[in-house]
Amino acid sequence: MSAAVEFSGQDVLVIGTKRSGLAAIELLRKHGARVRAMDSSPLTPEEQALFAGMGVPVVPQEAEHIGEVRLIVLSPAVPYDLPMLIAARERGIPTIGEVELASYFLQGPVLGITGSNGKTTTTALTGHLLKECGIPCQVGGNIGTAVTALIDSSAPKCWNVLELSSFQLESINHFRAQIGACLNVTPDHLDRHHTFENYSNAKARLFETQQTGDFAVLNYDDATCREFASRTRGQVMWFSSTERVPDGVWLKEEEVLWNDSPFMRRQQIKLRGLHNVENVMAAVALAHLAGAPLAGIGAAVSSFPGVEHRIEFVRALDGVEYFNDSKATNVDATLKAVDAFARGLWVILGGKDKGSDYSPLRDPLHQRAKGVLLIGAEPPYAYAAAPLIRQALAGAIEMTDCGTLERAVAYARAHAAAGDTVLLAPACASFDQFQNYEERGRRFKHLVAELL
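Residues numbered from 1 in each chain as written. Predicted model: local features only at pLDDT ≥ 70, side-chain atom pairs only at ≥ 80, totals over all residues. Heavy atoms only, no water.

1. With respect to the overall build of the chain
The test is simple: To qualify as a helix, a DSSP run of H or I must reach at least 4 residues; to qualify as a strand, a run of E must reach at least 2; elements of each kind are numbered from the N terminus. Exposed residues in this analysis have more than 50% of their type's maximum accessible area, buried residues have under 20%, and partly exposed residues fall in between, with area computed by a 1.4 Å probe over protein chains only. Whether two residues are in contact is decided by their heavy atoms: any pair within 4.5 Å suffices. Per-residue accessibility takes into account occlusion by the displayed protein chains alone, with areas from the Shrake-Rupley method and a 1.4 Å probe. The convention is simple: Lys and Arg are positive, Asp and Glu are negative, and His and the chain ends are not counted. Taken as the charge location is NZ of Lys, CZ of Arg, CG of Asp or CD of Glu.
Check the secondary structure of the chain and you find 17 helices and 20 strands. Dimensions of the chain along its principal axes, counting C-alpha atoms only, are 65 × 55 × 35 Å. Looking at the chain as a whole, 57% of its 452 residues qualify as buried. Across the chain, every contact between residues at least 6 apart in sequence was considered, and the portion connecting residues at least 24 apart equals 67%. For the chain, the accessible area works out to roughly 18100 Å², and carbon and sulfur atoms hold 51% of it. Taken together, the 42 basic and 51 acidic charged side chains of the chain have centroids lying 3 Å from each other.

See the structure below:
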């Protein structure tokens with residue numbers, strides 16, 4: 001697509017004014033578009049000054065303010081199926097996401113990673129492996145830097161390693177990953193996508209836009225990922241922690257193999273939990289397909305320190321260990337976190353419900369936990385998860401209503417004994433009490449650091 005033809009002098013509406021929206025606005029203005037912005041929340045004084053300085057008007061997120069525009073660009077947090085957007089498309093106004101917009105300008109091959117859980121760890125690890133093996137790359141997307149903000153630093157021979165959420169993928173068309181991966185697909189974001197089918201179809205878009213000669217790295221142990229193999233024109237490579245795969249990476253007892261060739265020991269993986277072994281195998285496949293030698297990859301895995309908010313060790317105090325897994329924003333992620341420990345767990349659960357079924361937590365928590373500490377806004381807050389968790393886990397585990405993270409940490413300090421573990425793995429979004437899971441995790445770490 002020619003940026004000059006498509007955007008110079010054209011009226012474009014960007015919905016969402018945070019990180020991704022702001023990066024999209026800056027890109028469009030650079031290419032001569034006349035940009036308006038729209039947001040569902042009032043701007044802060046600082047944001048008002050920023051947009052006034054750019055000469056970009058910001059209007060409320062209402063249908064009457066869409067007007068006649070050439071294009072609508074959505075931030076990931078904006079649902080693609082809003083009635084006003086459906087109506088706009090019916091009027092012939094294209095609606096794309098920030099990732100699709102970036103694909104018109106991004107140089108270099110794309111390595112895209114999606115999945116319900118493990119995306120951030122796998123994306124960061126893949127970038128680490130490529131850099132350690134001397135292969136140029138930059139990392140962004142749903143992790144850290146918006147894709148549109150990576151354009152200026154992109155280059156023909158530099159890999160763009162991108163974490164991609166279902167929100168970012170549901171509206172792609174031109175965007176293409178030369179190497180794409182899906183780690184797993186379990187129910188999540190059903191408050192946004194409404195059905196599991198819609199959610200999995202959004203993930204599948206990563207593979208439906210691939211071409212012959214591309215690669216799709218898929219979890220052989222996940223039924224939905226296996227089905228994605230039929231949706232790509234690329235060559236499928238597998239990873240599995242349970243059995244030998246037709247082609248790819250698998251775990252045989254304590255060895256990791258590429259097809260039938262062992263190249264790494266499981267003990268080289270410093271991250272906790274079998275799910276992280278799977279994340280490492282996916283990253284290995286991705287890095288190797290991008291040109292990294294297996295010998296170099298095996299050595300580089302050992303030096304990966306992990307990612308903040310992903311089963312992150314915080315502190316040991318009087319024999320009690322504290323771990324921050326604030327990124328566990330769905331039930332499956334919490335199950336994986338619980339599975340990474342033995343017994344003696346005090347698990348902090350709660351936040352904004354996303355339409356989840358919490359009953360799968362019953363047996364694992366009954367077997368491994370001493371107690372559950374519930375946090376989050378209570379009704380009449382419409383999306384309070386704590387009452388739903390309480391109902392789903394009744395009779396399986398002792399639960400204490402703490403309400404706030406401060407009270408949960410204080411309760412854990414008072415009741416946990418030497419040898420126990422306090423684990424923040426909420427199984428919920430953070431938006432009832434925090435701006436995002438990062439703020440929640442950092443607050444937890446601050447509270448733990450202050451314990452006496």
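2. Describing the confidence of the model for the chain
To keep things clear, this is the line we draw: On a scale of 0 to 100, pLDDT captures the predictor's confidence in every residue.
The predicted model of the chain averages 95 in pLDDT, with 99% of residues at 70 or higher. Counting contacts from residues 1–5, a segment whose pLDDT is below 50, to residues more than four positions away or on other chains yields six contacts.

3. A few points about the nonpolar core
Test applied: We define a nonpolar core as any set of buried Ala, Val, Leu, Ile, Met, Phe, Trp, Tyr and Cys residues linked to one another through side-chain atoms lying within 4.5 Å.
Counting 49 residues, the largest nonpolar core has Phe7, Ile25, Leu28, Val73, Leu101, Phe175 and Leu218 as its most contacted members. Setting aside its immediate chain neighbours within four residues, Phe175 contacts Val99, Glu100, Ser103, Val110, Leu162, Leu164, Leu206 and Thr209.

4. Details of helix H16 (residues 405–415)
Our working definition: Here, the arc refers to the directions that run from the helix axis to the C-beta atoms.
Three or more residues of H16 are buried, namely Leu405, Ala408, Val409 and Ala412. All buried residues of H16 project into a common sector of 95 degrees when viewed along the axis, lining one side. Facing away from the buried side of H16, by more than 90 degrees, are the exposed residues Arg407 and Ala414. Contacts from the buried residues of H16 go to strand E17 (345–349), strand E18 (369–375), strand E19 (399–403), strand E20 (421–424) and helix H17 (437–449).

5. Looking at unusual backbone geometry
Here the amide bond leading from Pro379 into Pro380 is cis, since omega sits at 20 degrees, within 30 degrees of zero. Turning to its location among the elements, Pro380 is positioned in the loop between E18 and helix H15 (386–393). Even without being glycine, Ile311 reaches a positive phi, approximately 40 degrees. Within the fold, Ile311 resides in the loop between helix H12 (294–301) and strand E15 (312–317). A positive phi angle is found at Asp318, which is not glycine, with a value near 55 degrees. Tracing the backbone through its elements, the reader meets Asp318 in the loop between E15 and strand E16 (320–324). You can call Asp318 exposed: its relative accessible area is 54%.

6. Description of the sheet that holds strand E5 (residues 95–97)
Strand pairing in a sheet relies on backbone hydrogen bonds, with the paired strands running either antiparallel or parallel. To keep it simple, the criterion reads: Two strands pair under a simple rule: DSSP has to find at least two bridges between them. Lines fitted to C-alpha atoms define the axes, with helix axes restricted to the stretch in contact, and inter-axis angles between N-to-C directions lie between 0 and 180 degrees.
Read from one edge to the other, the open sheet built from five strands follows the order E3-E2-E1-E4-E5, with strand pairing classed as parallel. The open sheet terminates on both sides in strands that have one partner only, identified here as strand E3 (58–60) and E5. This sheet shows a mean twist of 30 degrees between the axes of neighbouring strands, independent of strand direction. Of the strand pairs in this sheet, strand E1 (residues 11–15) and strand E2 (residues 34–39) are connected by five bridges, and their pairing is parallel. Residue Asp11 lies in a different strand from E2, and its bridge partner there is Arg34. Together, E1, E2, strand E4 (71–74) and E5 form the strand contacts of helix H4 (residues 83–90), whose direction differs from that of E4 by roughly 150 degrees.

7. Notes on the packing of aromatic side chains
Describing an aromatic ring pair means giving the distance of the ring centres and the angle of the ring planes. For clarity, the cut-off: Whether two aromatic rings pair depends on their centres lying within 6.5 Å, for rings of Phe, Tyr and Trp, where Trp uses its six-membered ring; planes under 30 degrees apart make the pair stacked, over 60 edge-to-face, and the rest tilted.
For the structure shown, the criterion picks out eight aromatic pairs. The interplanar angle of 35 degrees and the centroid separation of 5.7 Å between the aromatic rings of Phe207 and Phe228 together place this pair among those described as tilted. Pair noted here: Phe207 is in helix H9 (residues 196–208) and Phe228 is in helix H10 (residues 223–228), with a separation of 21 residues, a long-range link. For the residue pair Phe207 and Phe228, the accessibility class agrees, reading buried in each case.

8. Focus: the pattern of salt bridges
Rule in force here: For this analysis, a salt bridge means a side-chain nitrogen from Lys or Arg found within 4 Å of a carboxyl oxygen belonging to Asp or Glu.
Counted according to the given criterion, the structure contains 23 salt bridges. Where Glu255 meets Arg265, a salt bridge forms, and the shortest distance between an N and an O atom there is 3.9 Å. Residue Glu255 is located in strand E13 (residues 255–258), and its partner Arg265 is located in strand E14 (residues 261–265); the two are separated by 10 residues in the primary sequence. With a relative accessible area of 37%, Arg265 lands in the partly exposed category. Glu378 is the partner of Arg390 in a salt bridge, and the nearest nitrogen-oxygen pair spans 3.5 Å.

9. As for the pairing of E18
Look at any regular strand and the pattern is simple: side chains alternate between the two faces of the sheet. Here is the rule we go by: By definition, the crossover connecting two strands over a helix is right-handed if that path, from the first strand to the second, turns clockwise as seen with the strands pointing away from the viewer.
Of all seven residues making up E18, six are buried, and the element is well covered by its neighbours. In this sheet, E18 lies alongside E17 in parallel orientation, the contact comprising five bridges. Bridge pairing links Ile348 to Leu373 in E18. With respect to chirality, the unit in which E17 leads through helix H14 (residues 362–368) into the neighbouring parallel E18 is right-handed.

10. So, the packing of helix H11 (residues 274–289) against H12
Stated precisely, the cut-off is as follows: Oblique is the label for any angle not covered by the other classes, which are roughly parallel (under 35 degrees), roughly antiparallel (over 145) and roughly perpendicular (65 to 115). Here is the rule for handedness: rotate from the far helix to the near one, and if that takes an anticlockwise turn smaller than a right angle the crossing is left-handed, while a clockwise turn gives right-handed. In this classification, the charged set is Asp, Glu, Lys and Arg, the nonpolar set is Ala, Val, Leu, Ile, Met, Phe, Trp, Tyr, Cys and Pro, and all remaining amino acids, among them Gly, are polar.
Relative to each other, H11 and H12 sit at 140 degrees, their axes nearing to 10 Å. In terms of orientation, H11 and H12 fall into the oblique class. The chirality of how H11 crosses H12 is right-handed. Contacts between H11 and H12 involve Val280, Val284, Ala287 and His288 on the former and, on the latter, Leu294, Ile297 and Val301. Residue composition of the contact of H11 with H12, by class: six nonpolar, one polar and no charged.

11. Brief notes about the packing of helix H2 (residues 19–30) against helix H3 (residues 45–54)
In the contact formed by H2 and H3, the axes pass within 12 Å of each other and the chain directions differ by 10 degrees. Judged on the interaxial angle alone, H3 and H2 are roughly parallel. Judged by residue contacts, Leu22, Ile25 and Arg29 of H2 engage Leu50, Phe51 and Met54 from H3. Looking at the contact of H2 with H3 residue by residue, the classes come out as five nonpolar, no polar and one charged.

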